[in-house]
Amino acid sequence: MKEKVGETVERAVERHGTRPYRLLAVLREIQRECRHLPREALRIVADRFGLPVARVEGVVEFYSFLHTRPRGEYDIYFSDCVIDVFHGCESLMERLCDRLGIRPGQVRGDGRVSIATTSCTGLCDQGPALLVNGRSLPRLTSARIDAVAALIEQGVPLSGWPREWFQIDDRWQRRDRLLTTSWHPGTGLKPALRHGAGWMLEQLTVSGLRGRGGAGFPTALKWRYCQETAGDHYVVCNADEGEPGTFKDRELLKHRADAVFEGMTLAAFVTGARQGFLYLRGEYEWLVPQLTAVLRQRRRRGLLGRNICGRMDFHFEIEIVVGAGAYICGEESALLNSIEGVRATPRNRPPYPVACGLWGQPTVVNNVESFVAASFIAARGGDWFARVGTEKSRGTKLLSVSGDCARPGIYEVPFGISVAEVLDLCGAGETLGVQVGGPAGTFVAPDEYRRRIAYEDLGTGGSFMVFGAGRDLIDIVTRFVGFFAHESCGFCTPCRVGTALQKQLMEKIRRGWGTAGDLQELEQLGRWLEASHCGLGHTAHNPVRHTLARCPDRYQARLQALDFSPGFDLDAELETARRLTGRFGDRLSRI
Ligand SMILES: Cc1cc2nc3c(=O)[nH]c(=O)nc-3n(C[C@H](O)[C@H](O)[C@H](O)COP(=O)(O)O)c2cc1C
Ligand code: SF4
Ligand code: FES
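Residues numbered from 1 in each chain as written. Chains lettered and ligands numbered in written order. Predicted model: local features only at pLDDT ≥ 70, side-chain atom pairs only at ≥ 80, totals over all residues. Heavy atoms only, no water.

K.L.:
Please clarify how the overall build of the protein chain should be interpreted in this entry.
P.N.:
Each helix and strand counted, the protein chain has 26 helices and 14 strands in total. Seen through its C-alpha atoms, the protein chain measures out along the principal axes to roughly 80 × 65 × 45 Å. A total of 591 residues make up the protein chain; the buried ones form 59% of that total. Accessible area of the protein chain: about 23,400 Å², with a carbon and sulfur share of 48%. When the 76 positive and 70 negative side-chain charges of the protein chain are each reduced to one mean point, those points stand 4 Å apart. (Helix = DSSP H or I, 4+ residues; strand = E, 2+ residues; numbered from the N terminus. Buried < 20%, exposed > 50% of the residue type's maximum accessible area, 1.4 Å probe, protein only. Areas by Shrake-Rupley, 256 points an atom, 1.4 Å probe, with all protein chains shown as cover. Lys, Arg positive; Asp, Glu negative; His and termini not counted. Charge placed at Lys NZ, Arg CZ, Asp CG, Glu CD.)

The following block contains the structure:
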């Protein structure tokens, strides 16, 4: 056994090397082979990377897709995001568990299969979905689940499963300039090289491009600040796409990868960077072969590597780093730590990455869509880009529309479009509300549907979740706060404890055990969470804050909704409530 582990590690190390940014790749490969990361493997990895074992263990502990105990031969994760739950994901998971004689969270006794949940598979336009050994299986139905169970029992390898099961559909529902304008490799780079870095910055300024990852920082300023800071510059593309309900970067990487890499190369040209990284969320590992092929083509065309476009002074390379299941890695400073091969806890900011990023050097970090936009701006000019949009939000935005509507998918819309117009486009019927910008974003109630998608009003990384009129708002909010509790990296107390308490309180209210005092406690928690270290904690109270302000009656109704109908088991409910609420147990025991 020890020998086999040793050989596996050596093979992984030989394939990926021992640079810090290859640590995750080595760990993922060992896990694939051994179905977990044995202690012996971590010891050898630490030795080869020249790191203390405790540091490698710390990294492994951080990621939900890395395990120190064996997983099943078929390692399955069902998405438990609210949209997939709408579409029946929970009952499908139960069905598979029943068929295979296993409970969620367990590994079956014979080691054949393990089943667990994950926060998001990035497929809620074509859910319910699961991941099996890292591969995505969308569009699940009961019949498919039964077929999956049979294949697992027969021990058929994934290569023998029907290929069409793994097909990720393209759901382009509305296209605008980024998706309709033709793209040829080099069409952005060539004018930029001809006119110079100053011209490129000028075009970005004229375009008014603001970061598409959510915060909306002006891209021209970011690149200029980085350029003006002395050091060994880096360019990083944030393809972590963790905001629940967002999947537009997935499609851009599938269909506009060349423009993404060209945008990164433009940033390198402006800042003088020689190395770039594309940080891809682990759930999108299936995109790696095609991304690698695009990088290879660009090298062949002289658009990447040494002497780009024949310029003797312009060299730039791009590496792909694949994450391992941690939403916090989308936060740019956590992402940089992840690339550096350390635990991905967010850093203190300032200093910002433009001044002190990868390995302490000036670094541009941009979202996938921002890099695509930069490429088109170089090719077509800033004026062309700025022609649509609003005063402070120029251009178009890709929205990932999911939930209760006839046509979920990707909508490229001009900034300034109203929520009502998007609902019209996607064929939504009567609605309870819309969540714009993921759980950390804004809940928009029907009387606000005139509000606009724009940084001046509703800023978003792209998530647009539609909730039909029959949905249970309290259940949705409970799931959102559960997401934050699960994804809190645990580094700072306000967030680690605050998100857990918030989840407990919402669960209590959801079950009909809440009191008016609990609502006050929730509001207090919101203030407490503001003292968190990073954006995750700062925004973790938003789902409660927004819905409590807009729909207080829904909360009030739930506080009074004790169900004493026939079949209601008071003792069982009390026991569950005590377990869930812990510190409220004393109060409950007096009921
Ligand atoms: C908790 C958290 C998660 C984030 N996740 C993402 C993400 O998945 N993708 C992304 O581009 N930006 C994400 N961001 C924003 C990034 O920190 C950063 O602002 C962005 O990558 C900058 O690129 P842009 O200027 O092109 O938007 C996240 C921020 C926070 C606080
Ligand atoms: S706010 Fe949450 S996610 Fe951010 S550092 Fe603190 S514990 Fe980690
Ligand atoms: S898969 Fe639904 S939120 Fe990501």
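K.L.:
Before we go on, may I ask you to explain the nonpolar core in this structure?
P.N.:
Buried together is how nonpolar side chains tend to be arranged in soluble globular proteins. Among the nonpolar cores identified, the biggest contains 89 residues, and Trp 223, Leu 278, Phe 316 and Phe 467 are the most heavily contacted of them. Ile 44, Tyr 77, Phe 277 and Ile 339 belong to the second largest nonpolar core, which has 53 residues in total. (Core = buried A, V, L, I, M, F, W, Y, C linked by side-chain atoms within 4.5 Å.)

K.L.:
I keep staring at the site of ligand 2 and nothing clicks. Help me out?
P.N.:
As a matter of local geometry, ligand 2 sits amid 13 residues, with Cys 489, Phe 491, Cys 492, Cys 495 and Cys 534 nearest to it. Taken together, the residues of the shell around ligand 2 break down into 8 nonpolar, 5 polar and no charged. (Near = heavy atom within 4 Å. Nonpolar A, V, L, I, M, F, W, Y, C, P; charged D, E, K, R; others polar.)

K.L.:
It is not clear to me how the packing of helix α19 (residues 473–487) against helix α20 (residues 493–510) should be interpreted in this structure. Could you clarify?
P.N.:
Angle between the axes and distance between the axes are the two parameters that describe a pair of packed helices. Interhelical geometry of α19 versus α20 gives an angle of 160° and a closest axis separation of 8 Å. Considered as vectors, α19 and α20 are oriented roughly antiparallel to each other. You can see that α19 and α20 cross each other, and the crossing is left-handed. Contacts between α19 and α20 involve Ile 474, Asp 475, Val 477, Thr 478, Val 481, Gly 482, Phe 484 and Ala 485 from the first element and Thr 499, Ala 500, Gln 502, Lys 503, Met 506, Glu 507, Ile 509 and Arg 510 from the second. Residue composition of the contact of α19 with α20, by class: 8 nonpolar, 4 polar and 4 charged. (Axes fitted to C-alpha atoms, helices over the stretch in contact; angles between N-to-C directions. Parallel < 35°, antiparallel > 145°, perpendicular 65-115°, else oblique. Left-handed = near helix turned anticlockwise from the far one by under 90°. Contact = heavy atoms within 4.5 Å.)

K.L.:
Is there a simple way to think about unusual backbone geometry in this case?
P.N.:
Most peptide bonds take the trans configuration, and most residues that are not glycine carry a negative phi. The omega angle of the peptide bond from Gly 127 to Pro 128 is -5°, so this bond is cis rather than trans. Among the secondary structure elements, Pro 128 is positioned in the loop between β2 (113–118) and β3 (130–132). Residue Arg 349 is joined to Pro 350 through a cis peptide bond whose omega torsion reads -5°. Examined against the element boundaries, Pro 350 turns out to sit in the loop between α15 (332–339) and β9 (363–367).

K.L.:
What exactly am I supposed to notice about helix α24 (residues 552–559) here?
P.N.:
One turn of an α-helix holds 3.6 residues; hence residues three or four places apart share an orientation. Listed in full, the buried residues belonging to α24 are Tyr 555, Arg 558 and Leu 559. Buried residues of α24, viewed axially, fall in a sector of 105°; they line one side. At its buried positions, α24 is contacted by α19, α20, α21 (516–529) and α23 (542–550). (Arc of directions from axis to C-beta.)

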